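Given next are the chains, with one letter for each unit.
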Amino acid sequence: MADDDLESLRTRRMAEMRGQQNPFGTRGDGPGDAEEAERARREKEMRETLISQFLDQSARARLANVKVAKPEKAAIVENTLIHMAQTGQLRNKLSEDDLKSMLENISERTQKKTTVKFDRRRANMDDSDDDF
């Protein structure tokens, strides 16, 4: 009997530990996950629909290429386009040149500055050339 009780305690404890691994308290296969996945799919579909309404074919192709190479910049462009569409700033479809200029503006804003500093005092203090 003690072995059966011990085994039941082990299985119960393992089930509790599996439930605690998920930070939301669900098991991972419950109806909440299906609803969340459906909501994420609908949101993604709506984003793609909005973007396709305001970009012509060549601009959409360029955005797809940017999304493969630099997903964070593509996300910024998509969010900017959606915001512009919601606020009424976009009246007609953007061309590839318009998208290029938008990408250049975003690149200028997000570009990291690299600086190199030389310590010339240390170079002047080097006595290795004085040996001659």
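Residues numbered from 1 in each chain as written. Predicted model: local features only at pLDDT ≥ 70, side-chain atom pairs only at ≥ 80, totals over all residues. Heavy atoms only, no water.

**As for the pattern of salt bridges**
As a reminder of what qualifies: What counts as a salt bridge is simple: a side-chain nitrogen of Lys or Arg found within 4 Å of a carboxyl oxygen of Asp or Glu. Secondary structure elements follow DSSP: runs of H or I of four or more residues count as helices, runs of E of two or more count as strands, with numbering from the N terminus. Residue burial is assigned from relative accessible area. The probe radius is 1.4 Å, only protein chains are included, and a residue is buried under 20% of its type maximum, exposed over 50%, and partly exposed in between.
Within this structure, the stated rule accounts for seven salt bridges. Between E38 and R42 there is a salt bridge, and its shortest N-O distance comes to 4.0 Å. Here the residue E38 and the residue R42 both occupy positions in helix α2 (residues 31-54), the gap between them amounting to four residues, near one helical turn. Judged by its relative accessible area of 32%, E38 is partly exposed. Accessibility expressed as a relative area gives 44% for R42, which makes it partly exposed. For E78, the salt bridge goes to K67, with nearest N and O atoms at 2.8 Å. Note that E78 is positioned in helix α4 (residues 71-87) and K67 in helix α3 (residues 57-69), a separation of eleven residues in sequence.

**With respect to α4**
Using the following cut-off: For a helix, the expected span equals 1.5 Å multiplied by the number of residues minus one.
Across its 17 residues, α4 extends 24 Å between first and last C-alpha, which sits within 8% of the 24 Å expected from 1.5 Å per residue. What α4 keeps buried is the set K73, A74, V77, E78, L81, I82, M84 and A85. Downstream of α4 by one or two residues, G88 has phi in the positive range, about 85°.

**Let's talk about the layout of surface pockets**
Our working rule: Think of a 1 Å grid over the protein atoms and nothing else: a 1.4 Å probe that fits but is trapped marks a cavity, an open set flanked by protein within 12 Å on at least five of seven lines marks a pocket, and residues with an atom within 4 Å of a point count as lining. Grid points are joined across faces, edges and corners, and a volume is the space filled by probe spheres set on the points.
Volume-wise, the largest pocket comes out at about 160 Å³. Together, E48, I51, S52, L55, R60, L63, A64, K67 and E78 line the largest pocket. Elements with a contribution of two residues or more to the lining of the largest pocket: α2 and α3. A total of four residues in the lining of the largest pocket trace back to one element, the largest contributor, which is α3.

**Considering the packing of α3 against helix α5 (residues 96-110)**
Cut-off, in case you're wondering: Convention adopted: a line fitted to C-alpha atoms gives each axis, helices being fitted over their contacting stretch, and angles between N-to-C directions are expressed from 0 to 180 degrees. The criterion used for residue contact is that any of the two residues' heavy atoms lie within 4.5 Å. Three classes are used, and their members are as follows: Ala, Val, Leu, Ile, Met, Phe, Trp, Tyr, Cys and Pro are nonpolar, Asp, Glu, Lys and Arg are charged, and the others, Gly among them, are polar.
Direction vectors running N to C along α3 and α5 enclose 35°, while the axes themselves pass 8 Å from each other. When α3 is examined against α5, the residues S58, A59, R62, L63 and V66 are found in contact with a partner set consisting of E96, L99, K100 and L103. Looking at the contact of α3 with α5 residue by residue, the class counts come to five nonpolar, one polar and three charged.

**Structural notes on the environment of L90**
Tracing the backbone through its elements, the reader meets L90 in the loop between α4 and α5. Each C-alpha atom of the pair L90 and F54 lies 7.4 Å from the other, and the pair is 36 residues apart in sequence. Discounting chain neighbours no more than four positions away, the residues touching L90 are F54, L81, M84 and A85.

**A few points about the confidence of the model for the chain**
Just so we agree on the cut-off: Residue-level confidence of the predictor is summarised by pLDDT, bounded by 0 at the bottom and 100 at the top.
Of the residues in the chain, 80% have a pLDDT of 70 or more, and the chain-wide mean is 80. For the chain, the element scoring lowest by mean pLDDT is helix α6 (residues 120-124), at 64; α3 scores highest, at 93.

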